[in-house]
Protein chains: 2
Amino acid sequence: MVMEFLDERSKQILYAVVQSYISKPDPVGSRFVTKKYSFGFSPATVRNIMADLEDLGFLSQPHTSAGRVPTDKGYRFYVDSIMGVREAGEFDSENGDFVRQFAKKIENIRSDVNNMFVEVTNSLSMMSNYIGVVTPPRAEKTIFNRIDFIRYKEDKVVAILLTEEGVIKNKIIGVDPGLKQDDLNRIADYLNTEYSGQTIDEIKNLLVKKAYREKALWDKLIARAIKIYEQAIAFTEDDVYVSGLYDVMNLPDFSDISKIREISKAIKDKHIILKFLDELSDSEGVHVFIGNENPVEEMKNLSVVASTYKEKERPMGVIALIGPTRMDYSKAIYMVDTIAKCISRTFD
Amino acid sequence: MVMEFLDERSKQILYAVVQSYISKPDPVGSRFVTKKYSFGFSPATVRNIMADLEDLGFLSQPHTSAGRVPTDKGYRFYVDSIMGVREAGEFDSENGDFVRQFAKKIENIRSDVNNMFVEVTNSLSMMSNYIGVVTPPRAEKTIFNRIDFIRYKEDKVVAILLTEEGVIKNKIIGVDPGLKQDDLNRIADYLNTEYSGQTIDEIKNLLVKKAYREKALWDKLIARAIKIYEQAIAFTEDDVYVSGLYDVMNLPDFSDISKIREISKAIKDKHIILKFLDELSDSEGVHVFIGNENPVEEMKNLSVVASTYKEKERPMGVIALIGPTRMDYSKAIYMVDTIAKCISRTFD
DNA sequence: TATTAGCACTCTCATCATGAGAGTGCTAAT
DNA sequence: ATTAGCACTCTCATGATGAGAGTGCTAATA
């Protein structure tokens, strides 16, 4: 962000190297740059500039007589200060009418939110050739629509929680066998009429507060409601949708077995990804983590481009792409951003 | 099954080769066999026998001066006629009190069936180092416990289907906006009182039959019930639980990148696996598919060991292990079999 | 003074030859 | 019927060689 101190020429060269390396992961040499991008310089001049860029830490050499390769810092500068984000028109001409197609697709499966996320994740990875990740709306942040309890066997009840977004959660909870279906209905009615429209988390707080404030009114109903509600919303799951490991294996970056192991390990424990992405879900806009900038140890050799999608201005979840540091950032940012907005729109 | 014509010595040698190759994927030579397993033969004799086994198609040589490697046919004979299935005691001493541990584990999460399948799949792959696969009970075969409809937005209804096994399915379906909650309740009541205890599929047939037979009685309620029920049970999902790709990558068999691609491709399209395993779910016992015996093209280089689990004698779903043809069949069969029985037991 | 041509130098990579090692198949002896 | 002996084959690790690509430095140039 700060390092605006590169002169125009250096930027051009850095741009050329990054672009070239992104499109093909071979170290790029001075001669190649002069030929492919016809700036007015000779290879010798480019060599000098490259040497400077290397001193600054933007480029590095795999070995003495190889071309240059961007470093994480180089990508960072490229992303911040050189690269233009792709425009819709430009992108669509490469990819067909991408945005419209996509919008249509999710419109069709809008009604089944789960399924929608699966589809989005698949589309993401297929269109980008990177790994697509989508986190569904965090339960706590979604808006309560209604809850229902259905008796199931003697001492068990199925709690069905509906959110305004159309996410359906269900869970079998154990209850006092004395609790009749009538009681359950009363508890459900109580919750549904009093609290519809609040977020799941708010309701929890309100319930607890109410219990304290109105100790006098404290009756069995509310006590039971709190207890059962807390059980019902304690969804254990850390569900994240991840897709595209197979596609990513076809990238030359992962032609090495150890690289594949690495990336598999990174996405194996979904709760690690979830935790990482969850922290983003409070902030807006597109986030880019390049290689070692990445907070997750397992991803120090990968890059992540992520954006939050929202419902009525409140961030709900995250959609992201994971790929090699040699990522087409421009495209990735465009895709993640566009799709996030697309999803936000369907939620409104 | 048929080829019982090998003499004892040949069997011993084949056994030795397979065992040795399973424990370490190096072609096994005549000298090695005589040293490791002290039968009374000299290497030369073993060589002769091996040559015979090769003529019969049980062994093959990677190249002239290498040792022998079992063929698919060799494994098949080994599995059918030579190998003993591991005994509980024997296995447990290697793996701690495996069965008991496992039984305990699934008992704990019994109430949440989905979660249980996730856990089972993970345990399978972790304990075996192969890929664990579990198919949940096929919706059509499960026993209907009850269905409920909850109004959601103007023209949408959430159908909640409970099965006797504790599987909960939900789906948002579109309905005639004129349908009141009262109507929905009546439909639900009708289905719940009339059809509880039948399988999902049977109910569908019964409903249709009823509609035909009692044309006179044909009323709006039944018509609606059929329509809405059919929508509700049309669960699109092909959900299969798969786990262990990462673990399997540490096997020497998959040290080659193309092998990994292959296996990834095989398990990428879950509906392929599902379709394949589904066909097994009508039959009982443990099934073993070795390499090219495999009906799925993508798995011609892999082996599959599968068994069905049952509820009250009716096969419900399949649990399986996918690994290299050089699989520890004895262990795999034992594991799959035991776990399937374990699950069957908890369902009763 | 900034750029560039020229050139020696470095490093990789593919190719080839070499030889040790492992294992075989065959023949002749037991 | 089995086995010892031996020539033979194939792989694999090692090292040498040379082409190719790209650099850094120096001296010439605009």
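What counts and how
- Residues numbered from 1 in each chain as written.
- Chains lettered and ligands numbered in written order.
- Predicted model: local features only at pLDDT ≥ 70, side-chain atom pairs only at ≥ 80, totals over all residues.
- Heavy atoms only, no water.
- Near = heavy atom within 4 Å.
- Polar contact = N/O pair within 3.5 Å; in protein donor to acceptor, adjacent residues only side chain to side chain.
- Helix = DSSP H or I, 4+ residues; strand = E, 2+ residues; numbered from the N terminus.
- Nonpolar A, V, L, I, M, F, W, Y, C, P; charged D, E, K, R; others polar.
- Contact = heavy atoms within 4.5 Å.
- Domains from an automatic or database assignment.
- Buried area = accessible area lost by both parts, 1.4 Å probe.
- Salt bridge = Lys/Arg side-chain N within 4 Å of Asp/Glu carboxyl O.
- Axes fitted to C-alpha atoms, helices over the stretch in contact; angles between N-to-C directions.
- Parallel < 35°, antiparallel > 145°, perpendicular 65-115°, else oblique.
- Left-handed = near helix turned anticlockwise from the far one by under 90°.
- Buried < 20%, exposed > 50% of the residue type's maximum accessible area, 1.4 Å probe, protein only.
- Pairing = 2+ DSSP bridges.
- Least-squares fit on C-alpha atoms with pLDDT ≥ 70 in both.

Enquirer: Just give me the short version of the protein's contact with DNA strand C, but keep the residues and values in it.
Expert: Taken together, 21 residues sit near DNA strand C, with R9(A), T45(A), T64(A), S65(A) and S30(B) positioned nearest. Here DNA strand C approaches the protein such that, of its atoms within 4 Å, sugar and phosphate make up 75%. Side-chain polar atom of R47(A) to a base oxygen of DNA strand C: 3.3 Å apart, as the coordinates give it. At 2.9 Å, a side-chain N or O of R68(B) approaches a phosphate oxygen of DNA strand C. Of all the secondary-structure elements, those providing two or more residues to the surface near DNA strand C are α3 (43-55) of chain A together with α3 (43-55) of chain B. A total of four residues in the surface near DNA strand C trace back to one element, the largest contributor, which is α3(A). Residue composition of the surface near DNA strand C, grouped by class: four nonpolar, 13 polar and four charged.

Enquirer: Quick rundown of the environment of I150(B)? Include the residues and the values.
Expert: The residue I150(B) is located in strand β4 (residues 144-152) in this model. Taking the C-alpha atoms as reference, I150(B) lies 7.6 Å from Q181(B); in sequence the two are 31 residues apart. Contact partners of I150(B), with chain neighbours within four places excluded, come to R146(A), D148(A), I160(A), L162(A), K156(B), V157(B), V158(B), I160(B) and Q181(B).

Enquirer: Any details on the domain arrangement of chain A? Residues and values, ideally.
Expert: Residues and elements named next belong to chain A. As far as domains go, chain A holds domain 1 (8-82), domain 2 (88-136 + 239-347) and domain 3 (140-233). Using only C-alpha atoms to locate each centre, domain 1 and domain 2 end up separated by 28 Å. Across the boundary between the two partners, domain 1 contributes nine residues, which contact 12 residues of domain 2. Per-residue buried area on domain 1 facing domain 2 is highest for I22, D72 and R76; these three make up 54% of the total on that side. Our enumeration of links across domain 1 and domain 2 arrives at one salt bridge. Put simply, R76 and E293 hold a salt bridge, and the shortest N to O gap is 2.5 Å.

Enquirer: Give a description of the protein's contact with DNA strand D that names residues and reports values.
Expert: Neighbouring residues of DNA strand D: 21 residues in total, closest S30(A), R68(A), T45(B), T64(B) and S65(B). Restricting the count to atoms of DNA strand D within 4 Å of the protein gives a sugar and phosphate share of 77%. Interatomic distance of 3.1 Å between a side-chain N/O atom of R47(A) and a base nitrogen of DNA strand D. S65(B) places a polar side-chain atom, nitrogen or oxygen, 3.0 Å from a base oxygen of DNA strand D. Elements with a contribution of two residues or more to the surface near DNA strand D: α3 of chain A together with α3 of chain B.

Enquirer: Would you mind going over the packing of helix α1 (residues 8-23) of chain A against helix α4 (residues 72-82) of chain A in detail, with residue names and values included?
Expert: Residue and element names in this part refer to chain A. Remark: α1 packs on α4, axes separated minimally by 10 Å, with the N-to-C direction vectors making an angle of 115°. Between α1 and α4, the crossing angle belongs to the class labelled roughly perpendicular. Note on packing geometry: the crossing formed by α1 with α4 is left-handed. On α4, the residues that touch K11, L14, Y15, V18, Q19, Y21 and I22 of α1 are G74, Y75, F77, Y78, S81 and I82. Within the contact of α1 with α4, the residues separate by chemical class into nine nonpolar, three polar and one charged.

Enquirer: How would you sum up the environment of R76(A)? Please name residues and give values.
Expert: All names here are of chain A. You can see R76 is positioned in helix α4. Given a relative accessible area of 18%, R76 falls into the buried group. In this structure, the C-alpha to C-alpha distance between R76 and L302, residues 226 residues apart in sequence, is 13 Å. A distance of 2.8 Å separates a polar side-chain atom of R76 from the backbone oxygen of V288.

Enquirer: Help me get a handle on the packing of helix α6 (residues 98-108) of chain B against helix α7 (residues 113-128) of chain B, residues and values and all.
Expert: All names here are of chain B. Close contact between α6 and α7 brings their axes to 10 Å; oriented N to C, the two are set at 155°. The orientation of α6 with respect to α7, classified from their angle, is roughly antiparallel. In the crossing of α6 with α7, the sense of the turn from one axis to the other is right-handed. Mapping the contact onto sequence places F98, F102, K105 and I106 in α6 and M116, E119, V120, S123 and M127 in α7. Across the contact of α6 with α7, the residue classes tally to six nonpolar, one polar and two charged.

Enquirer: Describe in detail the sheet that holds strand β3 (residues 131-134) of chain A, supporting the description with residues and values.
Expert: Backbone hydrogen bonds hold the strands of a sheet together, and the pairing may be parallel or antiparallel. All names here are of chain A. With antiparallel pairing, the five strands of this open sheet are ordered in space as β7-β3-β10-β9-β8. The open sheet terminates on both sides in strands that have one partner only, identified here as β7 (241-243) and β8 (286-290). On average, each strand axis in the sheet is inclined to that of its neighbour by 15°, with strand direction left out of account.

Enquirer: For the side chain of T135(A), give the residues involved together with the corresponding values.
Expert: Locating T135(A) in the fold gives a position in the loop between β3 and β4 (144-152). When sequence neighbours within four positions are dropped, the list of residues in contact with T135(A) reads V240(A), L274(A), L277(A), Y309(A), G317(A) and V318(A).

Enquirer: An account of the pattern of salt bridges is requested, with residue identities and associated values reported.
Expert: In the structure shown here, the tally under the stated rule is 29 salt bridges over all chains. Taking the shortest distance from any N to any O, the salt bridge between D239(A) and R138(A) comes out at 3.8 Å. One end of the pair, D239(A), is in the loop between α10 (220-233) and β7; the other, R138(A), is in the loop between β3 and β4, and 101 residues separate them in sequence. Here D239(A) and R138(A) have matching classes, each one buried. Here K141(B) ties to D282(B) by a salt bridge, and the two come within 3.1 Å at their closest N and O atoms. Pair noted here: K141(B) is in the loop between β3 (131-134) and β4 and D282(B) is in the loop between α13 (270-280) and β8 (286-290), with a separation of 141 residues, a long-range link. Accessibility expressed as a relative area gives 22% for K141(B), which makes it partly exposed. Each of R138(B), K169(B), D239(B) and D278(B) takes part in one network of salt bridges that share partners.

Enquirer: Explain the relation of the copies chain A and chain B to me, using residue names and the numbers behind them.
Expert: In the superposition of chain A on chain B (RMSD 0.1 Å, axial shift 0.0 Å), the rotation amounts to 180°. Look at the turn and shift together and you get a two-fold axis relating the two. Within chain A, the C-alpha atom positioned nearest to the axis of rotation is that of I257(A), 2.9 Å from it. Of the interface residues in chain A, 100% have counterparts in chain B that sit at the interface too, so the contact is made through matching surfaces.

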